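Below are the chains, spelled out letter by letter.
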Amino acid sequence: MNVDELNRVSNVVIGSAIEVHRALGPGLLESAYEECLAWELERAGLSVQRQINIPIRYKELHIENAYRADVLVQDELIIELKSVDALQPIHTAQLLTYLKLMDSRLGLLLNFKVDVMRNGIKRIVNNL
């Protein structure tokens, strides 16, 4: 996916996250936001996969279910959802690790436990 298309998809995701947050507000479980966000994205015509296994290799060891990404959009954009008081550096590191392991360029860290959704959005770029 080219950069312009990736940015377009990212904007659709952000708009959908804002819509979900406006309707539900803060304080629910991540799984509720994930379900509603996936539904919104599918309605927007995007390909959505949830709870994607991310394998890792360590020398001869292959761990098939080492990690799990919350949402993958258009086989490229990784979304990690949170419902926490504040995003921490470990959340950014987690998403960056997923981006590297899946060889993806862009991820969105979405924290729904905020008063205004735009304060809960963090864009993470993997410079490959």
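In what follows, the accompanying structure is described. (Residues numbered from 1 in each chain as written. Predicted model: local features only at pLDDT ≥ 70, side-chain atom pairs only at ≥ 80, totals over all residues. Heavy atoms only, no water.)

## Quick notes on helix 3 (residues 89–101)
Rule in force here: Only DSSP runs of H or I covering at least 4 residues are called helices, and only runs of E covering at least 2 are called strands; the numbering of each starts at the N terminus. In this scheme, a helix's expected span is set at 1.5 Å multiplied by one less than its residue total. Exposed residues in this analysis have more than 50% of their type's maximum accessible area, buried residues have under 20%, and partly exposed residues fall in between, with area computed by a 1.4 Å probe over protein chains only. Regarding the arc, it is the one traced by the directions from the helix axis to the C-beta atoms.
For helix 3, with 13 residues, the first-to-last C-alpha span of 18 Å sits near the 18 Å given by 1.5 Å per residue. When we look at burial in helix 3, the residues that qualify are His 91, Thr 92, Leu 95, Tyr 98 and Leu 99. One side of helix 3 carries all its buried residues, which in axial view fall inside an arc of 125°. Opposite its buried face, helix 3 presents the exposed residues Pro 89, Ile 90 and Lys 100, each directed more than 90 degrees away.

## Focus on the side chain of Asp 70
Test applied: Positive charges come from Lys and Arg alone, negative charges from Asp and Glu alone, with His and the N- and C-terminal ends not counted. Salt-bridge detection follows one rule: a side-chain nitrogen of Lys or Arg within 4 Å of a carboxyl oxygen of Asp or Glu. In what follows, residue pairs with any heavy atoms lying within 4.5 Å of each other are defined as contacts.
If you trace the backbone, Asp 70 turns up in strand 2 (residues 61–73). One buried charged residue, Asp 70, remains without a salt bridge, the closest side chain of opposite sign being Lys 82 at 5.6 Å. Setting aside residues no more than four positions away along its own chain, Asp 70 makes contact with Glu 34, Gln 49, Arg 50, Gln 51, Ile 79, Glu 80 and Leu 81.

## Details of the sheet that holds strand 4 (residues 106–111)
Which entries qualify depends on this criterion: We treat two strands as partners when DSSP finds at least two bridges between them. Every axis in this analysis is a line fitted to C-alpha atoms, fitted for helices over the stretch in contact. Angles between the N-to-C directions lie between 0 and 180 degrees.
Pairing is mixed across the open sheet formed by 5 strands, whose spatial order is 1-2-3-4-5. Among the strands making up the open sheet, the edge pair consists of strand 1 (48–58) and strand 5 (121–125). Averaged over all pairs of adjacent strands, the angle between their axes in this sheet comes to 35°, without regard to strand direction. Of the pairings in the sheet, the one linking strand 1 to strand 2 comprises 9 bridges and is antiparallel in character. Residue pairing for strand 2: Asn 53 is matched across the bridge by Arg 68. Contacts from helix 1 (residues 3–24) reach strand 2, strand 3 (77–82), strand 4 and strand 5 within the one sheet, and its direction differs from that of strand 4 by about 10°.

## Some words on the packing of helix 1 against helix 2 (residues 30–43)
Using the following cut-off: Any angle between 65 and 115 degrees counts as roughly perpendicular, while under 35 counts as roughly parallel, over 145 as roughly antiparallel, and the rest as oblique. Definitions for this section: a left-handed crossing has its near helix turned counterclockwise from the far helix by less than a right angle. A right-handed crossing has that turn clockwise. Ten residues, namely Ala, Val, Leu, Ile, Met, Phe, Trp, Tyr, Cys and Pro, are considered nonpolar, four, namely Asp, Glu, Lys and Arg, are considered charged, and the remaining ones, Gly among them, are considered polar.
Where helix 1 meets helix 2, the closest approach of the two axes is 9 Å, and the angle between their N-to-C directions is 130°. One way to sum up the angle between helix 1 and helix 2 is to call them oblique. Remark: the crossing between helix 1 and helix 2 carries right-handed chirality. Across the interface between the two elements, Val 12, Val 13, Ser 16, Ala 17, Glu 19, Val 20 and Leu 24 of helix 1 pack against Tyr 33, Cys 36, Leu 37, Glu 40 and Leu 41 of helix 2. Its residues placed into classes, the contact of helix 1 with helix 2 shows 9 nonpolar, 1 polar and 2 charged.

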